[in-house]
Each structure stands twice: as C-alpha cells, then as structure tokens.
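# Structure at a glance
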Amino acid sequence: MRRYARIIGATYLWLVVGAGAWCLSRLFPLLDLDFGGQLLAVAGLLAAAEVLAVPFPQGQLSGGFALVAATFLLFGAPAAAWVEALSVLVAQGVFSRDTYLRVAFFNAAQRALAVAAGGELAALAGGRTDLPVELLAFAGGYFAVNQVLVYLYAVPNRSSYPAVSWRGVLRWDGLACLCGLPLGILVAVLYHQMGFSGLLLSFVPLLVLQFVLRLYVRAEMANRELMALFQVARRLQEKLNARQVAELLLKESRRVVGYHSGVVYLRTSGGGEEVFRACEAAGPFRDKLLRGAVVPGEGFLGRLLLEGEAMLVHDTRAVAGQAGYVRGHAPPETAPAGAASLLAGEPGPWWFLRSLMVVPLSTRAGAVGLLVIGDKRPYAFSEHHLHTISVMAGQAAVALANALLVQSLEESANTDGLTGVYNHRYFIRRAAREIERARRSGQPLALIMLDVDNFKLINDRFGHQVGDEVLCRLAGLLCRAVGEAGVVCRYGGEEFAVLLPGFDARRAGELAERLRRLVEGHEFPAGTVRVSMGVAACPRDALEVAELIRKADRALYAAKQAGKNRVVVGLAAER
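Read on for a plain summary of the structure.

### Thoughts on the packing of helix α13 (residues 424–441) against helix α17 (residues 545–561)
Across the interface, α13 lies against α17 with an axial gap of 9 Å and an inter-helix angle of 110°. Between α13 and α17, the crossing angle belongs to the class labelled roughly perpendicular. Contact residues: α13 offers Phe 427, Ile 428, Ala 431, Ala 432 and Ile 435, while α17 offers Val 545, Leu 548 and Ile 549.

What follows is the structure in structure tokens.
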C-alpha cells in the first residue's frame, strides 16, 4: 500500500510540474519583454522574500504575495506567473538546503498555476473596470488553487506530520495573503511614483511584514510547545505503564516538531547484558522499528547512549568534517554506496533519514531509555526543538523509571524463582481472566496439567540440584514448544500447568501428546525424563476455574494410574 502511495504521489508531482511548464509556455508570448529588467528585479526581490520565509511544520509563510499582487497590477497575470515561478526555483532550488529539487519544481509549477488561475478569475470578475474587485478575485483564485494543489500533494504524508492541522495552515496562509494585498497596492503606487527606487523602498515594509509573521508563528508554536509540556506533565500523574509513557512521549513530540519516524527504546536485561529494546514507535515503518534494539557502546546510537547527552544531527549523509555532521563521527563502512549515512549500520530502517534527534531518557540512577526522532529532510530540526524535546524526555524518564520498577516488582511477584515461568499465584488469576473471556467470546479454553513421572527417584538418585536443573530445562522446553499459543506456569513441585486460550479438548490433547514425545526424546542431566498429562476444556468439562483444575487434575491422576508417560483427556478419565 505504501509503495502505491509513493507512486501516486510521484505521478501527481510531475503532472503538476508538467501542467505548470505548459501554462508558463502559453503565457510567455503575452509577456512585455520591454520590462524584462524590471521583472527580473522583482523576481530577485521575491526570491529574497522566499529565502527569508518563516518556516513551520507543514510549510512556510512569506510576505512575497505583496510583490506578486503588485506585479499583477503593474504588468499583468503572465508576468506575475513567470516572476513567481522563477523566484521559487531560485530560492528553493538554489539557496535552500532542506528542499529537494523536485519539490522546488513542484512549488514553482503550482505557484504559476495559482497565479494564472487568479488572473483568469480576475478577468471574469470584470477586467480592470473595478480594481478592488479584480484584486480580490485574483487573491481568492491564487489562494484557493495554491491550497488545493499543496493539500493534494501533502495528503500521503499528513499522518507523518500532524503537528499542525490543515485548518491552522489555511489560517496562516490566509493571514499572509490578507496582509499582502494592501502592501501590494502600496508597492504598485510607489513604483508608479518613483520607478525602480520605489520598488526597492517597498521591500522595507515587506520585510516588516515577514518579521511580524515570524513573531506570530513563533508565538503560536510556543503555545503548542507549552501545551505539549502541560499534557505530558498532566498525563504522567496518571498510573501509566512503560509502553503508555513511551506512546505519550512520541505523541506529544509531534506537537513540537513534525517527524517521519520515531522510536523509544527501553532498558532490559537479556543474556546477562544490558540491552535497550524498542518499546513503542511511530511512523510508516513502525513494525520494523519495534523489532530493533540498541546495545550500549555499539553503533552510533549505542555510543550516544553511553555518553548520555542529547544530540542533534542536521544531515546524517554529510561527510565527516563538513557542516551538519555532529562531533565528527565518520560514516560507517556499511553505508550504502552513494548514500553514506551515519545510521547505515543501525538496526531498523534508519538509513534513509537525513535529520535526527537522539535524546537519552536518564535519571540519577542512569539511562532507562532512548528517544530517537528522525526525518527524511535535512535540517528539519533546530536546537530549540532539541531543547524542548529534552525537557519532555526528562519528565518522561522519571515516569519510565517508576513504571519499569513497578513492572519488575510485578514480574517478580508473578514469576517462579527457580524455573522463570509464571507461578501458581499468577496461574490462578490468569485462568480466571481467560475463563471469563471464553464466556464472553464463546471461544474454548483448555488446560493441561503436567507432572514429572518418578521425580522423587530423580532427587534421591542424582540429588536435588540435578532435580532442579531438570525442572528448569523442562520449563524452557515447554515454553519454546507452546510459544505464544499458551501460558506455561509452575503449579507446584514437579507439576506444571499450561493454559491454552482458543484450544478445544481435541487440539489440546494433540498438543499434549507432542509435548510428551518432545520431553521423552530430550536429553536431561538425569537421562530420559517422562511426564504424564491430563487435559480438560471449557466449556466442555467445566465453567469455573476450580472445576477446570479439578477435571484436569483428575485426568492427570488417571494417566498416572494407567501406567504413566501418557496423556488422558478429561472425559476419558470419567469412564
């Protein structure tokens, strides 16, 4: 689905570029080339206004519409379209470091189409007989076509950049157009009175307009950042688990800055070493990101985790020593040819990202996690973004540390200290939940009770340490064989219980037989170990937890009585 969306997006982009080129070619014969020098000067001023535009998460604000409106009044719609297209190509295609060339072509084309549409609407509104109506019609047509074309282009990526609503974009762009109309009239009047010097003089109020817009946008974004900090602080007062805290952090980070992909890694212990595994992720590659992990000291992210400092990378593909490359980390040797990336060797789909923010989630006791946010555009993040995200991450780190502590205590309370599987206490609570769920859904639930045959003889002959090792290996064997299909618990002593949601008695019996053969064929420290099993199911044999356990235990007893090393299913034990 994502592949088709990219194909549709690319097709739309080049269709607009083609339409814009066709429109400009049709308008070129209508240009009065006697004013070519003046038009190039206006294009230069408009390009400067574009370079100085005010950025925000879903675009940028510019006061350049005043010059576009003035060009329309002075020289007509064809000249305005060409001036607008040339200025955008120069500003975004040459001077901008965070805009792809194809995007610059798209913006130039859609602006030219918007100007042409505004000119046609102005002509329909009455030509030059009523200047205010004509100018308002031009502005309305320009604004509407521009917003529609940009909206259609941004639709596939809106889920990745929801920091600003489209309603907010319309409000800001509408404000720029409304402020630009009177300035456009002023520019046209000054040009008539003073010539080219009046045009240069008119650039001063244009800069003032952009300064006002910048203050407005900054105030708006500051309010959003404060709201994000407030939401994080408010939600963290609730009782949230680690995954919910990570999800909250990623969600509220979007209020501050739009990003393509983000992930929160949390500290875990596996195989005796500390590993930070992905807990929650956001973006088009969420599933792949959730399979990733970071080992302290290994790779770029692992090194940052050890250093414990937040870092902003403006361009991961910049070569070592150039601007944008942070702390001189050289690209790894595993970087793809022609696209060397700081993250080329990292686990997960990171190699395509250009901008990056890495923020360790640390408390006084050490790092509990790592927040990584990335975008496909270079220079997408600023130091201000990093500072705000770091404040949010500091709040979340304390909540994560508390949540991980609670989770650890709960796991200790629910885990058997010897075998590492769930204990009897957890089994009883889980069985009650599963039976209630089976009643509501109408799905079956099976229980296997397993007992090691002649376990006392193993202890007497080989000692209790070997007996404990047999139980540990048996627990691991059962967990690997059952997998996610069920829950393995130590019921007590040498007895285990396996809960199987969605299994009826027949399927549970077949699984029990496979488990019996697997155990019998496994090499234990005490040699061959055999087990007996009893199976009962809900609703066939019982509707309550106690009754289900009693029926499964009775079937297990029947297996013992029949000679051990066998499986007996509930109803067979009643005969």
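### Here's the deal with unusual backbone geometry
A cis amide bond links Cys 538 with the next residue in sequence, Pro 539, at an omega value of 10°. Of note, Pro 539 is situated in the loop between β12 (531–538) and α17. For Lys 564, which is not glycine, the phi torsion reads 70° and is therefore positive. Its location among the elements puts Lys 564 in the loop between α17 and β13 (567–569). What makes Lys 564 partly exposed here is its relative accessible area of 30%. The residue Asn 565 is not glycine, and still its phi comes out positive at about 50°. When you line up the elements, Asn 565 lands in the loop between α17 and β13.

### Some words on a nonpolar patch on the surface
Taken together, the side chains of Met 194, Leu 201, Val 204, Val 208, Phe 211, Val 212 and Leu 215 make up a nonpolar region of the molecular surface, amounting to roughly 630 Å² of accessible area. Of all the elements, helix α8 (residues 196–236) adds the most residues to the nonpolar patch, at six residues. Position of Val 208 relative to the elements: it lies in helix α8.

### A few points about the sheet that holds β13
With respect to topology, five strands assemble into an open sheet ordered β10-β11-β9-β12-β13, the strand pairing being mixed. Each having just a single partner strand, β10 (487–492) and β13 make up the two edges of the open sheet. For this sheet, the mean angle separating the axes of adjacent strands, direction not counted, is 20°. Summarising the sheet, β10 and strand β11 (residues 495–501) pair through five bridges and their orientation is antiparallel. If you follow Gly 492 over to β11, its bridge partner there is Glu 495. On top of the sheet, α13 reaches β9 (445–452), β10 and β11; it is set at about 130° to β10, its chief contact. Along the sheet, α17 makes contact with β9, β10, β11, β12 and β13, crossing β12 at roughly 150°.

### Some thoughts on the packing of helix α4 (residues 77–95) against helix α5 (residues 101–124)
Interaxial distance between α4 and α5 falls to 8 Å at its minimum, and their mutual angle equals 165°. Classified by the angle between their axes, α4 and α5 sit roughly antiparallel to one another. The way α4 lies across α5 gives a crossing that is right-handed. Along the contact surface, α4 presents Ala 77, Ala 80, Ala 81, Glu 84, Ala 85, Val 88, Leu 89, Gln 92 and Gly 93, while α5 presents Leu 101, Val 103, Ala 104, Phe 105, Asn 107, Ala 108, Arg 111, Ala 112, Val 115 and Gly 119.

The rules behind the values
Residues numbered from 1 in each chain as written. Predicted model: local features only at pLDDT ≥ 70, side-chain atom pairs only at ≥ 80, totals over all residues. Heavy atoms only, no water. Axes fitted to C-alpha atoms, helices over the stretch in contact; angles between N-to-C directions. Helix = DSSP H or I, 4+ residues; strand = E, 2+ residues; numbered from the N terminus. Parallel < 35°, antiparallel > 145°, perpendicular 65-115°, else oblique. Contact = heavy atoms within 4.5 Å. Buried < 20%, exposed > 50% of the residue type's maximum accessible area, 1.4 Å probe, protein only. Patch = residues over 30% accessible without salt bridge, like charges linked within 9 Å, V, L, I, M, F, W, Y side chains within 5 Å. Areas by Shrake-Rupley, 256 points an atom, 1.4 Å probe, with all protein chains shown as cover. Salt bridge = Lys/Arg side-chain N within 4 Å of Asp/Glu carboxyl O. Pairing = 2+ DSSP bridges. Left-handed = near helix turned anticlockwise from the far one by under 90°.

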